[in-house]
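# Architecture at a glance
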Amino acid sequence: MAIAFKQETFRDDFSYRNSPENIRRFPFPFDRDEYMYSVNMEPHVKGQKGTVYESLIDVDEHYVAEMRDRALVLKEDPLRYQALPHMMTAQWDTLELLMEEQAAGYPEHFSLIKNGDQWRWINRPLGIDDSFTFGDRSTLPYEPFEYITRQAQGDFCIVDQRDGNLWMDAGMVTTQADWSLDFDIGMNFMEWHGPVPLAHQIGVFDRALKFLLNLQQGKPTRRFNWTMTINPRLDTSPENYPKWGPDRTTVTPDNVGEKVHLRVELQSLWRLPRSNAILFVIRCYLMNMSELITVPKWARRFPRVLRTLPPELIDYKGLTRFRETTIDWLSKYDDGASTSPGF
Ligand code: HEM
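Note that the structure is predicted; figures quoted are calculated from it, not measured.

### A few points about the packing of aromatic side chains
On inspection of all chains with the given rule, the structure shows 23 aromatic pairs. An angle of 50° between the planes, with centres 5.9 Å apart, marks the rings of Phe 5 and Tyr 63 as tilted. Residue Phe 5 is located in the segment before helix 1 (20-24), and its partner Tyr 63 is located in helix 2 (residues 63-76); the two are separated by 58 residues in the primary sequence. Looking at Phe 5, the relative accessible area reads 23%, which means it is partly exposed. Under the relative-accessibility criterion, Tyr 63 is labelled buried at 0%. Through successive ring pairs, a cluster of aromatic residues spans Phe 26, Phe 28, Phe 30, Tyr 35, Tyr 37, Trp 226, Tyr 285, Trp 298 and Phe 302.

Put into structure tokens, the structure is as follows:
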């Protein structure tokens, strides 16, 4: 069925909202009443209709507005897209993967027609119809990775595999939770994860790296991460901290419902065929607290998660200034019923 794309903003008047159908497909990430880092990876396989796993590269009602927001970010700061010179093969791998997955998942919106290396790509929501030669950079208006990630929801890193490690050697990062591609470019897996508390000590990153080094083509994997954002702002980058950092001080008992958002990242990892690099997709979903409480089991569980969060995570995720106010507001909706793990 065709998606009705919304006209909305992630800045200024913040008109972003989820439709009731979109709330129902929101990937609420908690399977118990508390949260701690873990190597929470599972095969990235298709799920039921009406879930975010309906297609392996998910497109939803926010697609057009998100692509507009990305274009605005890139105009202000072109360094949100970077690719080191040796990543050109991986760029083409990524273009192929994203075109194929979007065309397979949403044939009414996207088409890919291949005739040898002569390809035609039609993106109806954005009004694009381009013919190009696969492998020939000069036949596209941008580098292939930039071209396709201006047309795909989520942030993207391509990590190169060499010397038993992964290296962040390309990225399109405009909707990140307070980290910077420009700072991390060229770093390895342990270096860019340097600021994360507790996880190094409990061996999460050693095990995750070992797992990823053995990732196989055709068997993508996924995991969730989450944080919270004030206002439905996609671009919470360190570069723009002065624009959004102060928002954290504006939360009051009267505006929690509209201002405070749960921000969930569905991260998927794909081995690329020609380059042997890995594509890391960070697909971001935002939902405000008024939307969240429309699902009673989420309203019950989320304040419990927030209440029992380790202090290091509260600090690292930047929740200190508004966590208590949010818990108080949400607690009205926790009827005290027990919730069992997995529910
Ligand atoms: C955070 C990148 C895979 C676990 C981060 C950050 C970046 C990042 C840039 C922010 C660090 C900062 O504060 O500056 C990546 C990339 C990956 C990858 C490019 C793929 C190659 C994984 C995997 C795990 C993982 C497989 C699984 C255990 C985490 C955790 C955090 C984190 C727990 C902290 C998140 C939070 O509390 O909000 N990652 N990551 N990452 N990453 Fe990864």
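Now that the structure is up, let's keep going.
### Comments concerning the coordination of the iron atom of the ligand
Counting protein donors around the iron atom of the ligand gives one, His 193 (NE2), at 2.1 Å. Relative to the helices and strands, His 193 resides in the loop between helix 6 (189-192) and helix 7 (204-213).

### Looking at the pattern of salt bridges
Side chains carrying opposite charge are able to pair once their charged atoms draw close together. On inspection of all chains with the given rule, the structure shows 26 salt bridges. Two residues, Lys 49 and Glu 54, come together in a salt bridge whose shortest N-O distance is 3.9 Å. The shortest N-O distance in the salt bridge between Asp 334 and Arg 304 comes to 2.8 Å. Of this pair, Asp 334 sits in the segment after helix 13 (323-331) while Arg 304 sits in helix 11 (residues 296-307), and the two are 30 residues apart along the sequence. Per residue, the accessibility class of Asp 334 equals that of Arg 304, and both read buried. Residues participating in the shared-partner salt-bridge network are Asp 93, Glu 96, Glu 100, Lys 114 and Arg 274.

### A closer look at the site of the ligand
Close to the ligand lie 23 residues, the nearest being Tyr 37, Trp 192, His 193, Tyr 316 and Lys 317. At 2.4 Å from an oxygen atom of the ligand is found a side-chain nitrogen or oxygen belonging to Tyr 37. Counting only elements with at least two residues in the shell around the ligand, the list comes to helix 6, helix 7 and strand 8 (221-230). Here the shell around the ligand gets 4 residues from one element, more than from any other, and that element is helix 7.

### Some thoughts on the sheet that holds strand 1 (residues 42-43)
Spatial ordering of the open sheet is given by 1-8-9-10-6-7-2, a layout of 7 strands whose pairing is antiparallel. Each having just a single partner strand, strand 1 and strand 2 (81-83) make up the two edges of the open sheet. Relative to strand 7 (residues 165-172), helix 7 is tilted by about 80°, and along the sheet it contacts strand 6 (155-162), strand 7, strand 8, strand 9 (260-271) and strand 10 (278-288).

### Overview of empty space enclosed by the protein
For the structure on display, the rule yields 2 cavities of 30 Å³ or more. Size it by volume and the largest cavity reaches roughly 80 Å³. Looking at the largest cavity, the residues that line it are His 44, Leu 56, Ile 57, Asp 58, Gln 153, Leu 266, Ser 268, Val 281 and Arg 283. Of all elements in the fold, only strand 9 and strand 10 reach the threshold of two or more residues within the lining of the largest cavity. Of the residues belonging to the lining of the largest cavity, the class tally is 4 nonpolar, 3 polar and 2 charged. Empty space within the second largest cavity amounts to approximately 70 Å³. In this structure, the second largest cavity is lined by 13 residues; those nearest its centre are Tyr 16, His 62, Cys 284, Tyr 285 and Leu 286. In terms of residues, the lining of the second largest cavity owes the most to one element, strand 10, which gives 4 residues.

### Comments concerning helix 3 (residues 88-105)
When the terminal C-alpha atoms of helix 3 are compared, their 26 Å separation across 18 residues agrees well with the 26 Å that a helix rising 1.5 Å per residue should span. Residues of helix 3 that are buried: Ala 90, Gln 91, Trp 92, Asp 93, Thr 94, Leu 95, Glu 96, Leu 97, Leu 98, Met 99, Gln 102 and Ala 103.

How each quantity is defined
- Residues numbered from 1 in each chain as written.
- Predicted model: local features only at pLDDT ≥ 70, side-chain atom pairs only at ≥ 80, totals over all residues.
- Heavy atoms only, no water.
- Phe/Tyr/Trp six-rings, centres within 6.5 Å; stacked < 30°, edge-to-face > 60°.
- Helix = DSSP H or I, 4+ residues; strand = E, 2+ residues; numbered from the N terminus.
- Buried < 20%, exposed > 50% of the residue type's maximum accessible area, 1.4 Å probe, protein only.
- Donors = N, O, S within 2.8 Å, 3.2 Å for Na, K, Ca; no water.
- Salt bridge = Lys/Arg side-chain N within 4 Å of Asp/Glu carboxyl O.
- Near = heavy atom within 4 Å.
- Polar contact = N/O pair within 3.5 Å; in protein donor to acceptor, adjacent residues only side chain to side chain.
- Pairing = 2+ DSSP bridges.
- Contact = heavy atoms within 4.5 Å.
- Axes fitted to C-alpha atoms, helices over the stretch in contact; angles between N-to-C directions.
- 1 Å grid on protein atoms, 1.4 Å probe; cavity = no way out; pocket = protein on both sides within 12 Å on 5 of 7 lines; lining within 4 Å.
- Points joined across faces, edges and corners; volume = space filled by probe spheres on them.
- Nonpolar A, V, L, I, M, F, W, Y, C, P; charged D, E, K, R; others polar.
- Expected span 1.5 Å × (residues − 1).

Taken by themselves, the reported measurements are silent on function.
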